[in-house]
Amino acid sequence: MEKNSLDYSPLLSPRGDENGSETTASPLVSATKWTLKTLILMIFVLWAAFIFFLPAKPVNELFSKWNDLNRDTPFGVTGSIFLVFTAPILIIAFLAIAHQILTGEDQLHEKKTSKLPRFRLWTFPVFVKGPFGVVSATELIGIVLVLLYVIWALYAYTVRALDFISEFDVPSFRDKSIIMFKVMGLRTGAIGLMCLAFLFIPVSRGSVLLRYIDIPFEHATRYHVWLGHLTMVLFTVHGLLYVIAWAMEGHLVQELIQWKDIGVANLPGVISLLAGLLMWVTSLPGVRTWNFELFFYTHQLYVVFVVFLALHVGDFVFTMAAGGIFFFVLDRFLRFCQSRRTVNVISSRCLPCGTVELVLSKPQSLRYNALSFIFVQVRELSWLQWHPFSVSSSPLDGKNHLAVLIKVLGKWTEKLRQRITDVDAQKDSCVITTSVEGPYGHEVPYHLMYENLILVAGGIGLSPFLAILSDILHRVREGKPCQPRNILLVWAVKKSNELPLLSTIDMESICPSFSNKVNIVIHIYVTRESDPPLEEGYSYKPIKSSFCPMASDCGMSVLVGTGDNFWSGLYVISSTVGFVILLALLYVYYVTPFHIETWWYRGLLYVICMVASVVIFGGSVVAMWHIWEKQNSLKDKSNDTKVDKIHQNGSLATKDQSQDSSIAKSTVIHYGSRPNFKEIYDSISEKWGLVDVGVIVCGPSTLQTSVAEEIRSHSMTRQRHHSIFHFHSHSFDL
């Protein structure tokens, strides 16, 4: 009989070192961290408030006076706008770096959880259907604020435009319409520019900003998509309003091809907008699903979009959105440096269900958690395509390897499986050449913060949960900080040939007699088979596989993702300082003395300074980082010459499942049915009582919707003694 989780104390302390002893930060460190967080919050609120109220006439006039005061300085209006729009986000990044360094790796598990179960805004699904997918209460607040800003800004600018027209004696309705179209075209472009200021931050995969607020790339991608749609709608309206006005004036073509030296250059704007429209159309869900390669290749037009935008508006207007773009350039260069290295494929093998496993070499210093992603490139298949995969191994499985499971779902994955299965004769040599970006993921492994977990997987969505189970069992065995003790795994698959995926983790060998410490129950739903196969179980025929010898100098680089806080911080700081220095030198010794007034040229120089600062100053840090990494690799090689067991035997070792009696008794397979989440939540509420339950779902959008919908429904009708469920999604398709 299962015990209620309220009847006994936590198995392991949530705060502790590797031996389970308590650790507490010193009062000075705690006070410093609190001060940094307060400063970051204050700066962000003031910065966001200024952007929000800028359309108001008093704030706009104050901003104009500020620009006039700085017009005669060596940096001119560009410098004054830089201080208002770009400097705040750079300062926030610096403070976030300091906070990350103070927090350190050893304190990542010190996140406090409330003793009393309660709802949380960021884990409570409000909307589960619609254009935004599953939306939490926190995300809904963000969406409302952004839409409120757009509506408010359009209203404020419209009122000011009407007042402007009324001040002049414009006799004809046609002339008034032309003026109105031009003024509102200008204003919609300004609103779009504010959205653009945030657009690139969510796709800066290893950004210190995302790491500080603990938003992993897979979640942030949603915000990039939402902002991208809004930004392109505004820029499209911006262009259309000008097109209508120029057509009414009778010189549309002349205006479209005009490239002014002083003022806005129209032709670069047309080129930038066309590039943006092409990226936008090919990113729509239907087009992306139909042809992912088309989406991927057209999205590289972001370079054209950004550069020609700078040529279109000049340096001082471009500065308004430069902060977010600069962070994206920082991240992109770091990813470029990391991806140049080829990574050893320790083993590659195919399962009967059409799933491929790759086990990749990694250095001991590389840090990731069980909910991390990596991007993989296979050069024999494509030099340009990078595909994201969730890791299926725990960081505690081995010091020198990392594993991913890849479901064959498209052309690229089909080619990968074909290449692996066609090389039986080359067992002693590497059959594929890979490069890796990442790992990316939550800074804090939140699956360790709940005493009670429900893991809901659909098909290959089981992959991250294999890593979670392995991670928890390793921590229980080794006495490391770990909260989970009640775990329910709900796995829905189409056919029973996918069941061997669960055999990739040998729970009993990881933590003998784990059932005495952690209660793990597994429910498997085989939806397209009404009866079990003749030979029920997890055993399957031997799998063809290939192996490569381990070489410590061919592991993936630690440059990106959850890399070293000191080096990643130094990279950001040096690049930022270099950016400011190059801009200062440019304006003090070239632009101002030589009276460079050409807008598009100054915009081009601005972009060049941005890229050069990252390559020169950031590149120097990356070079030193590589030297440091190489020295660490040599130390690892000298201190630990043993090869992980997985390197010799492979991670998909077949075994007799009957020997693992504890897990076999707690595993139930349902044929011809789907999970009934209402029954599951009601049953869990009665068994576990008033506790916080973390629900993590990884699978198709329909599965995520079903899980979130039942959580919302249960929360609305729950009894006081029932569990409180917290929704977390692990993206199935980036």
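Residues numbered from 1 in each chain as written. Predicted model: local features only at pLDDT ≥ 70, side-chain atom pairs only at ≥ 80, totals over all residues. Heavy atoms only, no water.

The chain has the name ferric-chelate reductase (NADH) in an unreviewed UniProt entry, where Glycine soja is given as its organism. Under Catalytic activity (unreviewed entry), UniProt gives the following word-for-word description of the chain: "2 a Fe(II)-siderophore + NAD(+) + H(+) = 2 a Fe(III)-siderophore + NADH". According to the UniProt record, the Cofactor (unreviewed entry) comment for the chain is "FAD". (UniProt positions renumbered as here; feature names shortened; annotations may be inferred.)

Undergrad: Help me understand the packing of aromatic side chains in this model?
TA: Given two aromatic rings, their pairing is described by the distance between the two centres and the angle made by the two planes. Enumeration according to the criterion identifies 32 aromatic pairs in this entry. Each ring, one from Trp-47 and one from Phe-198, has its centre 5.3 Å from the other, and the planes form 45°; the classification is tilted. Here Trp-47, found in helix H1 (residues 27–53), pairs with Phe-198, found in helix H5 (residues 173–199); they are 151 residues apart in sequence, far enough to count as distant. Overall, Trp-47 belongs to the buried group, its relative accessible area being 7%. Ring centres of Phe-235 and Phe-305 lie 6.4 Å apart, and the angle between their planes is 50°; this geometry places the pair in the tilted category. Taken together, the positions of Phe-235 in helix H7 (residues 217–249) and Phe-305 in helix H12 (residues 302–318) put the pair 70 residues apart, joining distant regions of the chain. Taking relative accessible area as the criterion, Phe-235 reaches 7% and is therefore assigned buried. Ring pairing ties together the aromatic residues Phe-82, Phe-318, Phe-326, Phe-327, Phe-579 and Tyr-606, which thus form one cluster. (Phe/Tyr/Trp six-rings, centres within 6.5 Å; stacked < 30°, edge-to-face > 60°. Helix = DSSP H or I, 4+ residues; strand = E, 2+ residues; numbered from the N terminus. Buried < 20%, exposed > 50% of the residue type's maximum accessible area, 1.4 Å probe, protein only.)

Undergrad: So what exactly am I meant to see when it comes to the nonpolar core here?
TA: One broad rule of soluble globular proteins: the nonpolar side chains tend to lie buried together. Counting 117 residues, the largest nonpolar core has Phe-318, Leu-358 and Leu-416 as the members making the most contacts within it. With 13 residues, the single largest contributor to this core is helix H3 (residues 76–103). Leave out the neighbours within four places in its chain, and Leu-358 touches Val-345, Ser-347, Ser-348, Leu-402, Ala-403, Val-404, Ile-406, Leu-416, Ile-420 and Ile-432. With 42 residues, the next largest nonpolar core counts Ile-460, Leu-466, Ile-510 and Tyr-671 among its residues. (Core = buried A, V, L, I, M, F, W, Y, C linked by side-chain atoms within 4.5 Å. Contact = heavy atoms within 4.5 Å.)

Undergrad: Please explain the environment of Cys-195 as it appears in this structure.
TA: In this fold, Cys-195 is placed in helix H5. Residues Cys-195 and Val-150, spaced 45 residues apart in sequence, show a C-alpha to C-alpha distance of 9.2 Å. In this view, Cys-195 contacts Leu-230, Thr-231 and Leu-234; residues no more than four positions away in its chain are not counted.

Undergrad: Looking at this structure, I do not really get the sheet that holds strand S13 (residues 667–671). What am I missing?
TA: Spatially, the six strands line up as an open sheet ordered S13-S11-S10-S9-S14-S15, and their pairing is parallel. Sheet topology places S13 and strand S15 (724–729) at the edges, where each strand pairs with a single neighbour. Averaged over all pairs of adjacent strands, the angle between their axes in this sheet comes to 15°, without regard to strand direction. Where strand S9 (residues 452–458) meets strand S14 (residues 692–698), six bridges bridge the pair, whose relative direction is parallel. Bridging across to S14, Val-456 finds its partner in Val-697. (Pairing = 2+ DSSP bridges. Axes fitted to C-alpha atoms, helices over the stretch in contact; angles between N-to-C directions.)

Undergrad: Help me understand the side chain of Ser-390 in this model?
TA: Here Ser-390 lies in strand S6 (residues 387–390). For Ser-390, a relative accessible area of 10% translates into the label buried. A polar atom in the side chain of Ser-390 sits 3.2 Å from the side chain of His-730. With residues near it in sequence (within four places) discarded, Ser-390 still touches Ser-372, Phe-373, Val-404, Leu-405, Ser-463, Pro-464 and His-730. (Polar contact = N/O pair within 3.5 Å; in protein donor to acceptor, adjacent residues only side chain to side chain.)

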